[in-house]
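# Secondary and tertiary structure notes
This is what each chain is made of:
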Amino acid sequence: MTDRFLVAGPYRLDLEDERVWRAETSLHLGGKAFALLRALMERPQVLVTKDELFQRAWPGLAVSDSVLTTAIKELRRALGDDARSPEVIGTVHGRGYRFLMPVERRGMGGLVTAAVTGEAAPRDRTRPAGWLVALALGIVSLVGAAVLVAWRQDVAVKSSATAEATALKSVVVLPFADLTPGRSETWFADGMTEEISFSLARAPDLRVISRQAAARFRDNDADVRAVARELDVAHVLTGSVRRDGDHVRVSAQLIRAADGAQLWSQTYDRHDRGVIAIQQDIAFHIASSLKSILEPARLRAMVDAGTRSVEAYEAYLRGVALDQRQSDEGDVGYARAAAVEYERARALDPNFAAAHWRAANSWFGNATRVVAVGREQSDEVERANYVARLDAAIAASTNEAESLKYRAARASAQLQIKDAHRLMVRYLEARPRDIDAWEEMADLSAYAGERRWMARAAERLQTLSMEDGYPRSRAITVSVMALQYDAAVQRSRRQLEARPDNALTQYQAHRAFVWAGRLAEARRLLEQVKASAMPADTKMLAEIRQACAEGRVEDARILRRGVDAVGRETTRWQAAMLLGDAEGGYRILLPMDTEGRLPTLMQFLIYPDFDPSRYPNLNALLIHEGVARRPVTPLPFACKTA
């Protein structure tokens, strides 16, 4: 039986559910406190050094000793331990900490709970009268209720204080204005805006609003306080750039939304050789002004651009700006142009890890995705290009957290599923607000058979994207695939409130409503999906779902013929499964069960009704990787064709 619990006296740490109990009381621990307690309990009664604890709770981050001291203090408070006469956690001054109690590992069957009383105690014939017992129990109940109310109030106050502290460290970087005559340097302004946001987002205690949410205020004269209210942030960074020959002028201002006070401002007039230092300096001063937990020297390292070559950096910024346009306008031509710039950046500076990473991602779509645009080479060649750029990023990286992300991507590309998932878990411990990484975690969790992590990824995607004011429909998709129907419905409704006209949100919400059996809501939304500019096969797939759920089998069959005529592999497979044609679906995907196309076939593991055992090469890979496969879950609304 797998060990699930670490048990020490009255304390019980649940490794699977990531919760801690004292007797039958659940203790409220944050992620860092849980990680520290687990590290200590896994090595009871021996010294665990500060460096080891930093690595477990803040992997890849350079944080001060005071942060660890404060975290241990909060952990002791939650456990009810006294630092002056500790019984649970002892301090080894200057070196680390020690868990003082013996610890046992137990599985579910070995766990003794309050409900298991053991042998009955001998009957005490001298026990007090029943009314005394009742009175005593009543008093105990009243005292217990008072303690519970006080405890809940204390938790509420602490939660409120934590939320307030987080809110005070929130910022949006608005698109920098291009004041160059003719606005010829917009690419530079956009690229610098993106890189400042990205640098700030590396700090674990700062909430940075996404570029997509901030982009709504481009060329917008809205009052800074109004922007802050709409995006729910405490601070707004505005700026501008102007270029004149080889001279660049950059201005930036950090404004506190509560009172409009300017907390920091700076104007840089420099030769264009100084652009890298400008970006780094702005990010450093903003993080410092928001009182990030990182020490100054470590903060400088965090905002480092990763190159000293101005030519490489400017090529990189052009690529970033082009990627933004592709995301905003959907024109794949911008993505191809961005790839050219990233290739130029990495050629100009072979030690520029971020350029290698962006270049790798330019190959990623064609190398692994089901829907690849502009495929010009074989899967094997494209995957080799992808891996080569990941290897270059790993070799060039000087940032441990970023290296974890690069290594996770490489492990995934090499079909090392468990390693990829483990590395991504470690990366997200260091960068818990990286929403793109949570999207990747959803896929990796599906490949690794970790449905609990799928559900967690869905929750983080929803929370982080709603905080951004730019909800991601992927949160709905992953909720459905994790079989969390109620959560999928609630997340759909919230996203539709925020973005009622977004076609992708409408499509994914329609799927969630059908899966949850809320057909009236789905039917109303279907009309909007059909009227959208989404691909024809995607819209027909939504119609098939609705038709099958309503028992209109013949309508679904007619629609399937349309999907088969124009659809991609993924929509044709889904249409077959909706019509109960598992054999037809199997034949559609079987050509992917080759060494070269396994990364593409793996993507179907996210679907609960996909059966990997039918595909010999994929099944052999999962067995080799030790992936425990979940039972196949038939579609609850598939057409009844028998």
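Residues numbered from 1 in each chain as written. Predicted model: local features only at pLDDT ≥ 70, side-chain atom pairs only at ≥ 80, totals over all residues. Heavy atoms only, no water.

### Quick look at the packing of helix H20 (residues 503-515) against helix H22 (residues 536-549)
- The geometry of H20 relative to H22 is characterised by a closest axis approach of 10 Å and an angle of 15° between their N-to-C directions. If you check the angle between H20 and H22, you find them roughly parallel. Note on packing geometry: the crossing formed by H20 with H22 is left-handed. For the pair H20 and H22, contact is made by Tyr507, His510, Arg511 and Val514 and by Thr538, Leu541, Ala542, Arg545, Gln546 and Ala549, respectively.
- For the contact of H20 with H22, the per-class residue count stands at 5 nonpolar, 3 polar and 2 charged. (Axes fitted to C-alpha atoms, helices over the stretch in contact; angles between N-to-C directions. Helix = DSSP H or I, 4+ residues; strand = E, 2+ residues; numbered from the N terminus. Parallel < 35°, antiparallel > 145°, perpendicular 65-115°, else oblique. Left-handed = near helix turned anticlockwise from the far one by under 90°. Contact = heavy atoms within 4.5 Å. Nonpolar A, V, L, I, M, F, W, Y, C, P; charged D, E, K, R; others polar.)

### Brief notes about the state of the cysteines
- This model, assessed by the stated rule, comprises 1 disulfide.
- Here cysteine 548 connects covalently by a disulfide to cysteine 639, the sulfurs 2.0 Å from one another. Between cysteine 548 and cysteine 639, the disulfide has an S-S torsion of -95° and is therefore left-handed. One end of the pair, cysteine 548, is in helix H22; the other, cysteine 639, is in the segment after helix H27 (616-624), with 91 residues separating them in the sequence.
- Classification of cysteine 639 as buried rests on a relative accessible area of 5%. (Disulfide = S-S within 2.5 Å. Buried < 20%, exposed > 50% of the residue type's maximum accessible area, 1.4 Å probe, protein only.)

### Looking at the environment of glutamate 87
- Within the fold, glutamate 87 resides in the loop between helix H3 (65-79) and strand S6 (89-92).
- Assessed through its relative accessible area of 62%, glutamate 87 is described here as exposed.
- When residues no more than four places from it in sequence are discounted, the contact partners of glutamate 87 are Asp81, Leu100 and Met101.

### Considerations on the environment of arginine 499
- Residue position: arginine 499 is located in the loop between helix H19 (485-498) and H20.
- The buried category is assigned to arginine 499, whose relative accessible area is 18%.
- Along the chain, arginine 499 and tyrosine 470 lie 29 residues apart, while their C-alpha atoms are 8.0 Å from each other.
- With residues near it in sequence (within four places) discarded, arginine 499 still touches Tyr470, Pro471 and Thr505.

### Side note on the side chain of serine 170
- Topologically, serine 170 is positioned in strand S9 (residues 170-173).
- For serine 170, a relative accessible area of 1% translates into the label buried.
- A polar side-chain atom of serine 170 sits 2.9 Å from the main-chain amide nitrogen of alanine 234.
- In contact with serine 170, other than residues within four places in its own chain, are Arg207, Asp232, Val233, Ala234 and His235. (Polar contact = N/O pair within 3.5 Å; in protein donor to acceptor, adjacent residues only side chain to side chain.)

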